[in-house]
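The primary structure of each chain is shown beneath.
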Amino acid sequence: MAAPEKFCVGSRESKLAVIQSEMVISYIKETCPETEVSLLTMKTTGDIILDRTLDKVGGKGLFVKELDKALLDRRSDLSVHSLKDMPMEVPDELPVVAFSKREDPRDVLVLPQGAEEIDFSKPVGCSSLRRILQLRELFPQAEFKSVRGNVITRLAKLDSGEYSALVLAAAGLKRLGLAGRISRYFEPEEIIPSAGQGILALQGRAGEDYSFLEGFSDLDGTYAALAERAFVRYLDGGCSSPVAAHAVIEDRMIRLTGLYYKEETGEYIKGSREGSAEDAELLGEELARELKEKLEG
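Residues numbered from 1 in each chain as written. Predicted model: local features only at pLDDT ≥ 70, side-chain atom pairs only at ≥ 80, totals over all residues. Heavy atoms only, no water.

## Description of helix α8 (residues 219-234)
Owing to its 3.6 residues per turn, the α-helix aligns residues three or four sequence positions apart on the same side.
Thinking step 1. Along its 16 residues, α8 runs 23 Å from first to last C-alpha, staying within 8% of the 22 Å computed at 1.5 Å per residue.
Thinking step 2. Along α8, the positions that sit buried rather than exposed are Gly221, Thr222, Tyr223, Ala224, Ala225, Ala227, Glu228, Arg229, Ala230, Phe231 and Val232.
Thinking step 3. A side-chain oxygen of the first residue of α8 lies 3.4 Å from the backbone nitrogen of Asp220; this N-cap is Asp218.
Thinking step 4. One or two residues past the end of α8 sits Asp236, with phi positive at roughly 55°. (Helix = DSSP H or I, 4+ residues; strand = E, 2+ residues; numbered from the N terminus. Expected span 1.5 Å × (residues − 1). Buried < 20%, exposed > 50% of the residue type's maximum accessible area, 1.4 Å probe, protein only. Polar contact = N/O pair within 3.5 Å; in protein donor to acceptor, adjacent residues only side chain to side chain.)

Have a look at this one:
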C-alpha cells in the first residue's frame, strides 16, 4: 500500500510517551519518506488525577479516553500506548494494528541518588497491588506507599527523601535514558511483571489500511501480548486488580507464567504453562482457568 500523504500520531504528553511515539514516527519517516508525519500530544484524565490510586478513579481507561476520542474525531490517525496501560477490552472501531518488539519487561528497584541500600524507616513507593504482593515476599519488613505521576516526577519525590526506594518498569527507565538509576533488576521468577510490560501497542481506526506499519510489528511481541492479555482478560483483571502475566517466546514455543489473586480472601497463586506460540491466546485462557480453579476449588 502507498503510505498516506499526511499522518498524525496521538500520544500522552509525558516525556516517556513522547519518546515512545517518536520511535514510531522515526520508523514511518524512514520507510515512508514521502509521508508528512506530525505528533499530537494531550493530557489524559489519568495524567491529571494524581491524588488517588487508579482503582479509585476508573482504572486503565483513564489513560486512553482522550486519545480514543482524537482517533474517532480524525484529529489523529494512530495512538501509541504502553500496552500495560491499555484496558483489556478494546473497542471494535479502534483495533490494535501492531505490537512492537519488547523492551526489557522486568520491574526494577530504584534507590535515592547515592544510596546503597533500602532505608526501611521510609516507605517504598509503589502504586500497584500486583507489585506489593510480590515485594512483601522479598522485603517483609518494608512499608509501601502509593506514588503517582510520570517517571521524572516519581524520581524527584524519591530523591527529595519522601521514599526509601521506588519500584518501576525497566522499559520506561531505559527508553528515557535513565538505566543508570536502576539499583536492582527483579527477575520474573521474583516479581511477575504487568501484562504487556515493555511492549508498545499501536491503535488505529477500523477499516483503514495500516499495512505500511507491518515492519514495526514484532511477531514475538505479538504472541507475548496476546497470551498475557488473554490470561488477564479471562480473570477480568483491570489496572487495579493484582493479576500478572509474563510470556517468554523461544523457537515458536511460549512459556507463560501468571499470578491470580482472590480479592475476597487475599490469597494468591502463581503457575505456568508451555505450548505453541501460535496458541498464545488459548494458552493464556487455559492457565487463567487452571489457577482460578486451584484457588477457588
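## Brief notes about unusual backbone geometry
Thinking step 1. Residue Asp251 is not a glycine yet carries a positive backbone phi of 50°.
Thinking step 2. Residue placement: Asp251 occurs in the loop between β11 (244-250) and β12 (253-262).
Thinking step 3. Within the chain, Arg252 stands out as a residue other than glycine whose phi angle is a positive 65°.
Thinking step 4. Tracing the chain through its elements places Arg252 in the loop between β11 and β12.

## Concerning helix α1 (residues 15-31)
Thinking step 1. Look at α1: 24 Å from first C-alpha to last across 17 residues, which is about the 24 Å you get at 1.5 Å a residue.
Thinking step 2. Among the residues of α1, Leu16, Ala17, Val18, Gln20, Ser21, Val24, Ile25, Tyr27 and Ile28 are the ones counted as buried.
Thinking step 3. Buried residues belonging to α1 abut β1 (6-12), β2 (36-42), β3 (78-82), α7 (170-175) and β10 (200-203). (Contact = heavy atoms within 4.5 Å.)

## A short note on the sheet that holds strand β4 (residues 96-99)
Thinking step 1. The sheet built from 5 strands is open, its strands ordered β2-β1-β3-β10-β4 with mixed pairing. The sheet is open, and its two edges are formed by β2 and β4, each paired on a single side. Taken pair by pair, the neighbouring strands of this sheet meet at an average axis angle of 25°, ignoring direction.
Thinking step 2. With 2 bridges connecting them, β1 and β3 associate as parallel partners. By the bridge assignment for β3, Gly10 is matched with Ser79. (Pairing = 2+ DSSP bridges. Axes fitted to C-alpha atoms, helices over the stretch in contact; angles between N-to-C directions.)

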